[in-house]
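Below, each chain spelled out in residue letters.
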Amino acid sequence: MPLTAKKTRVVVIGVGAVGSTTAYTLLLRERMDELVLIDANNEKALGDALDMNHGLPFLGQSKVWAGTYEDCREADIIIITAGAAQRPGESRIDLLKRNVSIYESITTEVLKYNTDGILLIASNPVDIMSYFTWKRSGWPVNRIIGSGTLLDSARFRYLIGEKLQIDSRSVHAHIIGEHGDSELPLWSLANIAGTELSLSDEARTEIFSNTKDAAYQIIKAKGATYYAIALALDRICTAILHNEAAVLNVSTLLDDYHGVSGVYLGVPCIVDRNGVRDVLKLNISSDEKELLQQSAAKLKEIIASIAL
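What counts and how
Residues numbered from 1 in each chain as written. Predicted model: local features only at pLDDT ≥ 70, side-chain atom pairs only at ≥ 80, totals over all residues. Heavy atoms only, no water. Helix = DSSP H or I, 4+ residues; strand = E, 2+ residues; numbered from the N terminus. Rg over C-alpha atoms; globule rule 2.2 N^0.38 Å. Buried < 20%, exposed > 50% of the residue type's maximum accessible area, 1.4 Å probe, protein only. Areas by Shrake-Rupley, 256 points an atom, 1.4 Å probe, with all protein chains shown as cover. Lys, Arg positive; Asp, Glu negative; His and termini not counted. Charge placed at Lys NZ, Arg CZ, Asp CG, Glu CD. Phe/Tyr/Trp six-rings, centres within 6.5 Å; stacked < 30°, edge-to-face > 60°. Lys NZ or Arg CZ within 6 Å of the ring centre and 35° of its normal. Pairing = 2+ DSSP bridges. UniProt positions renumbered as here; feature names shortened; annotations may be inferred. Core = buried A, V, L, I, M, F, W, Y, C linked by side-chain atoms within 4.5 Å. Domains from an automatic or database assignment. Right-handed = clockwise from strand over helix to strand, strands pointing away. Salt bridge = Lys/Arg side-chain N within 4 Å of Asp/Glu carboxyl O. Contact = heavy atoms within 4.5 Å. Expected span 1.5 Å × (residues − 1).

**Thoughts on the overall build of the chain**
Move 1: Along the backbone of the chain there are nine helices and 14 strands.
Move 2: Taking 2.2 N^0.38 as the reference for a compact globule, 308 residues should give roughly 19 Å; the C-alpha atoms of the chain span a radius of gyration of 19 Å, in line with that estimate.
Move 3: By the burial criterion, 53% of the 308 residues in the chain qualify as buried.
Move 4: Of the roughly 13,700 Å² of accessible surface on the chain, a fraction of 50% belongs to carbon and sulfur atoms.
Move 5: Taken together, the 31 basic and 38 acidic charged side chains of the chain have centroids lying 2 Å from each other.

Below, the structure is given as structure tokens:
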């Protein structure tokens, strides 16, 4: 934990499967001094807080409680995982209309009490919800961060490592664009210690297909994804709270990024105590640029159809 006079506080809004797992992950890794759980179902938040408090004798000195929006006042990071659940066979984009009204209410309440924290968005479709939150808040873009393609990139690295029988932590590979159906793999930059991947076209197609469809496979099998996204959100929080300047594939507003502007998409960014410090403009192929522009155009079309 950072050694500062001010106690670090993380607020999790929405303690469904993703929110509660994220909160528990943050608690286990002792990322903050204070952890606040907020949910429309206050009984659920109370139950989760009580359950976690009973584990504190095995951990550190974190304080955990079920709170209200007023507790956002002192928060360093506010993680929003609330929203309608993704149904089997439903795309992330299909969630948009059901989630916009929920986010309108949440953002209004948060803004009453916090003006200098960082909003970390995890609800799907995350790129559009991040864009909506940025527009609604009026905050600097660096302090509104979406989870982006960080999890997609982790899935990608895992599958490449599994295929090549190499530790996935040694695989350097990126998924960028939408966290969803129009995401794209950067095969032109994928490598292991700078060496080109020895994968056939068939293997590459299979790996990317399994990466893109991973959420659908998990939702079909058990109803929701939450373990890996909780770890991804924990990674982003750690980069922020420890001022790491870590490179993470989060969602941010792009400005002339290979011809893409005015939309949130997942790309490698430098993340530190102020949120997104910088966006790294990768040297990608012309085909990859075209796919990124198509991903952006798809989201812009959807945004334009909704009165944000």
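**Some words on the packing of aromatic side chains**
Move 1: Evaluation of the coordinates by the stated rule reveals four aromatic pairs.
Move 2: Here the aromatic rings of Tyr-226 and Tyr-227 are separated by 4.8 Å at their centres, their planes lie at 65°, and the arrangement is edge-to-face.
Move 3: Put simply, the rings of Tyr-131, Trp-134 and Tyr-264 pair up and form one aromatic cluster.
Move 4: Lying over the aromatic face of Trp-139, Arg-143 brings its terminal NZ or CZ to 4.5 Å of the ring centre.
Move 5: When the ring centre of Tyr-226 is taken as origin, the NZ or CZ atom of Lys-222, which lies over that ring, is 3.8 Å away.

**Topic: the sheet that holds strand β11 (residues 195-196)**
Move 1: Sheet architecture is open: three strands sit in the order β7-β10-β11, paired in antiparallel fashion. Each edge of the sheet is formed by a strand with only one pairing partner; in this case those strands are β7 (171-172) and β11.
Move 2: Pairing analysis gives two bridges linking β7 to strand β10 (residues 191-192), with the strands arranged antiparallel. Across the sheet, Val-171 pairs through a bridge with Ile-192, a residue of β10.

**Concerning the UniProt feature "domain: Lactate/malate dehydrogenase C-terminal" (unreviewed entry) in the chain**
Move 1: With numbering aligned to this structure, UniProt lists the feature "domain: Lactate/malate dehydrogenase C-terminal" (unreviewed entry) at residues 149-305.
Move 2: The distance from the first to the last C-alpha atom of residues 149-305 is 24 Å, and the span holds 45% helix and 20% strand.

**Comments concerning the nonpolar core**
Move 1: In terms of nonpolar packing, the biggest core is built from 79 residues, with Ile-13, Leu-35, Leu-37, Ile-78 and Ile-79 touching the most fellow members.
Move 2: When we break this core down by domain, the ones giving at least three residues each are domain 1 (9-146) and domain 2 (149-306).
Move 3: Among the nonpolar cores identified, the runner-up in size contains 14 residues, and Phe-156, Trp-187, Ala-190 and Ala-203 belong to it.

**Points about the pairing of strand β2 (residues 34-38)**
Move 1: Of all five residues in β2, five are buried, a share of seventy percent or more.
Move 2: The parallel pair strand β1 (residues 9-13) and β2 is bridged by helix α1 (residues 17-28), and the resulting crossover is right-handed.
Move 3: Both β2 and strand β3 (residues 63-66) contribute to a ladder of four bridges, which runs parallel. Following the sheet pairing, Leu-35 is matched in β3 by Val-64.
Move 4: In this fold, the crossover linking β2 to β3 by way of helix α2 (residues 42-53) has right-handed handedness.

**Comments concerning the side chain of Glu-288**
Move 1: Residue placement: Glu-288 occurs in helix α9 (residues 286-304).
Move 2: No salt bridge is formed by the buried Glu-288; its nearest oppositely charged neighbour, Arg-204, is found at 7.7 Å.
Move 3: For Glu-288, the contacting residues outside a window of four places in its chain are Leu-184, Pro-185, Leu-186, Trp-187 and Ser-188.

**Some points on helix α3 (residues 96-113)**
Move 1: The end-to-end C-alpha distance of α3 is 26 Å, a good match for the 26 Å that 18 residues give at a rise of 1.5 Å each.
Move 2: Looking only at α3, the buried set comprises Leu-96, Asn-99, Val-100, Tyr-103, Ile-106, Thr-107 and Val-110.

**Focus: the environment of Val-250**
Move 1: Mapped onto the fold, Val-250 is located in strand β12 (residues 246-253).
Move 2: As a C-alpha pair, Val-250 and Val-279 span 29 residues in sequence and 9.6 Å in three-dimensional space.
Move 3: Residues within four places of Val-250 in sequence aside, it is in contact with Ile-145, Gly-146, Ser-147, Gly-148, Ile-236, Leu-265, Gly-266, Val-267, Cys-269, Val-271 and Val-276.

**A few points about the pairing of strand β14 (residues 275-279)**
Move 1: Here four bridges tie strand β13 (residues 264-272) to β14, and the two strands are oriented antiparallel to one another. Looking at β14, one finds that Ile-270 is bridged to Asp-278.
Move 2: Turn length for the β13-β14 hairpin, with the two strands adjacent in sequence and antiparallel, is two residues.

**Observations regarding unusual backbone geometry**
Move 1: For the peptide bond that leads from Asn-124 to Pro-125, omega is -5°, which places it in the cis range.
Move 2: Mapped onto the fold, Pro-125 is located in the loop between β5 (118-121) and α4 (126-137).
Move 3: Notably, Asn-243 is not glycine yet its phi reads approximately 50°, a positive angle.
Move 4: Turning to its location among the elements, Asn-243 is positioned in the loop between α8 (227-241) and β12.

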